[in-house]
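Examining the three-dimensional arrangement
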Amino acid sequence: RRLKQRKDPMASKQREKPAEEQEEEQQQGGSGATLIQKLEGNGITGADIKKLLEAGFYTVESVVYAPKKALLAIKGISEVKADKLAHEASKLIPTGFTSASDFHKQREQIIHITTGSKELDQLLGGGIETGSITEMFGEFKTGKTQLCHTLCVACQLPLDQGGAEGKALYVDTEGTFRPERLLAIAERFGLNGQDVLDNVAYARAYNSDHQSQLLVQASAMMAEERYALLVVDSATALYRTDYSGRGELSARQIHLGRFLRSLMRIADEFGVAVVITNQVVAQVDGAAMFNANPNKPIGGHIMAHASTTRLMLRKGRGDTRVCKIYDSPSLPEAEAAFAITTQGIVDAKE
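Summary of the structure given here. (Residues numbered from 1 in each chain as written. Predicted model: local features only at pLDDT ≥ 70, side-chain atom pairs only at ≥ 80, totals over all residues. Heavy atoms only, no water.)

Here's the deal with the nonpolar core
Put simply, the rule is: What makes a nonpolar core is a set of buried Ala, Val, Leu, Ile, Met, Phe, Trp, Tyr and Cys residues whose side-chain atoms join them at distances within 4.5 Å. Buried, partly exposed and exposed residues are distinguished by accessible area as a fraction of the type maximum, computed with a 1.4 Å probe on protein chains only: under 20%, between the cut-offs, and over 50%, respectively. Here a helix means four or more residues in a row that DSSP labels H or I, a strand means two or more in a row labelled E, and each is numbered from the N terminus. Throughout, a contact is declared for two residues whenever any of their heavy atoms are within 4.5 Å.
Membership of the largest hydrophobic core comes to 38 residues, with the highest contact counts inside it found for Leu120, Cys152, Leu229 and Val275. At six residues, helix 8 (residues 144-154) tops the list of elements feeding residues into this core. Ignoring anything within four residues of it in the chain, the contact list for Val275 reads Ile128, Thr134, Met136, Cys148, Leu151, Leu229, Leu230, Val231 and Val232. Core analysis: the next-biggest nonpolar cluster, separate from the first, contains 32 residues, Ile133, Ala218, Val232 and Ala235 among them.

Some details on the pairing of strand 10 (residues 309-315)
Going by this rule: Strands pair, by our definition, only if DSSP identifies at least two bridges between them.
Taken across its seven residues, strand 10 has five buried, putting it largely inside the fold. Two strands pair when backbone bridges link them, and strand 3 (residues 133-137) and strand 10 are joined in this way by four bridges, in the parallel orientation. Bridged to Met136 within strand 10 is Leu311. Pairing geometry for strand 10 and strand 11 (residues 320-327), over six bridges, is antiparallel. Residue pairing for strand 11: Met312 is matched across the bridge by Lys324. Hairpin geometry of strand 10 and strand 11 is characterised by an intervening segment of four residues between the two adjacent antiparallel strands and by a positive phi of about 60 degrees at Gly318.

Focus on the sheet that holds strand 4 (residues 167-172)
Quick note on the threshold: Comment: axis = line fitted to C-alpha atoms, over the contacting stretch for helices; angle = value between 0 and 180 degrees taken between N-to-C directions.
Taken in spatial order, the nine strands of this open sheet run 5-4-6-7-3-10-11-12-13, and their pairing is mixed. Strand pairing shows two members of the sheet lacking a second neighbour, strand 5 (200-204) and strand 13 (344-347), which therefore form its edges. Averaged over all adjacent pairs, the angle separating strand axes in this sheet is 25 degrees, with direction ignored. Note that strand 12 (residues 335-341) and strand 13 share four bridges and pair antiparallel. Along strand 13, the bridge assignment pairs Thr341 with Gly344.

Some points on the packing of aromatic side chains
Heads up, the condition is: Only Phe, Tyr and Trp rings are paired, with Trp represented by its six-membered ring, and only when their centres lie within 6.5 Å; those with planes under 30 degrees apart are stacked, over 60 edge-to-face, the remainder tilted. Geometrically, a lysine NZ or arginine CZ counts as sitting over a ring once it is within 6 Å of the ring centre and also within 35 degrees of the ring normal.
According to the stated counting rule, one finds five aromatic pairs in the structure shown. Ring centres of Tyr170 and Phe177 lie 4.6 Å apart, and the angle between their planes is 50 degrees; on these two criteria the pair is classed as tilted. The two residues Tyr170 and Phe177 agree in class, both being buried. Their ring planes at 50 degrees and their centres at 6.4 Å tell us that Tyr239 and Phe259 sit as a pair that is tilted. One end of the pair, Tyr239, is in helix 12 (residues 237-242); the other, Phe259, is in helix 13 (residues 249-270), and 20 residues separate them in sequence. The residues Tyr239 and Phe259 share a single accessibility class, namely buried. Here a set of aromatic residues connected by ring pairs shows up, and it is made of Tyr170, Phe177 and Tyr202. Of note, Arg265 hangs over the ring of Phe57, and the distance from its end group to the ring centre comes to 5.9 Å. We note Lys315 situated over the ring of Phe140; from NZ or CZ to the ring centre the distance is 4.1 Å.

Have a look at this one:
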């Protein structure tokens with residue numbers, strides 16, 4: 001499911017809606033996802049709904065996307081009840097085949113969030129795509145965190161200005177989030193600084209388990225209100241320190257795979273743009289001698305397969321940075337230059 005182009009719930013002036021429309025919005029929450037309460041009835045009781053909520057299932061989509069063993073793991077849910085839940089949920093959320101032309105129409109409705117740089121937006125086909133995972137990797141000082149800060153403000157802009165009319169969630173693992181940066185970027189876009197800060201939810205993650213728990217809280221918040229962006233900066237930093245050496249590599253990759261699967265589910269469920277940053281490691285083997293750029297992103301194949309679009313950032317001259325499409329299902333391999341200023345990401349000066 002993707003972010004539908006509809007009115008911003010944060011706008012102060014809202015028109016009076018008919019009773020049927022209001023009821024439908026209550027069942028959908030502010031996110032466009034269908035709230036779990038809609039499942040009640042047909043043999044599913046209020047107590048079952050409560051168990052699902054306690055286990056972190058806030059929407060009907062989350063039940064549809066979960067494997068059966070995840071439902072069976074919930075205390076008090078029997079096999080018969082798990083089948084019943086899956087059956088009732090699949091009635092509300094279509095999961096079968098659809099024609100390519102219908103899917104093409106859905107793709108045309110997808111919102112893109114501006115990066116603040118026209119050249120970078122053009123490279124990305126309009127900006128950061130909602131409903132998918134975009135990974136940015138590069139060494140330190142390449143603009144990853146600055147790009148994340150700019151997106152937190154840009155996602156609040158109206159649709160006609162390249163925004164998505166939604167709030168932002170920021171999971172910070174490295175302690176690099178700075179609200180004062182958001183204020184400077186808000187001033188550039190002509191937005192009220194205090195409103196911009198109120199519309200960004202921030203959490204500091206202290207270990208890899210905590211990082212995963214924060215996604216459960218994020219799902220609960222997204223079910224209640226309209227969010228357009230989820231940032232994890234950086235997705236891999238804590239894994240590098242919580243797991244060390246080859247002996248723990250398998251456990252690390254399994255845990256990282258689960259975390260990325262949760263991110264993918266959030267992107268599908270709520271149609272938000274998921275932006276993650278990744279660190280790099282220097283290749284010290286023989287092949288590095290023949291490679292112009294010896295750095296490669298960490299996280300291995302699990303990281304590579306989970307991200308829809310992968311962007312490689314590198315330093316240019318002065319404040320200029322270069323973004324290259326490293327991997328994408330629809331965008332050609334190309335690059336664009338942008339600059340970092342006090343007001344966020346802008347076009348590079350010639």
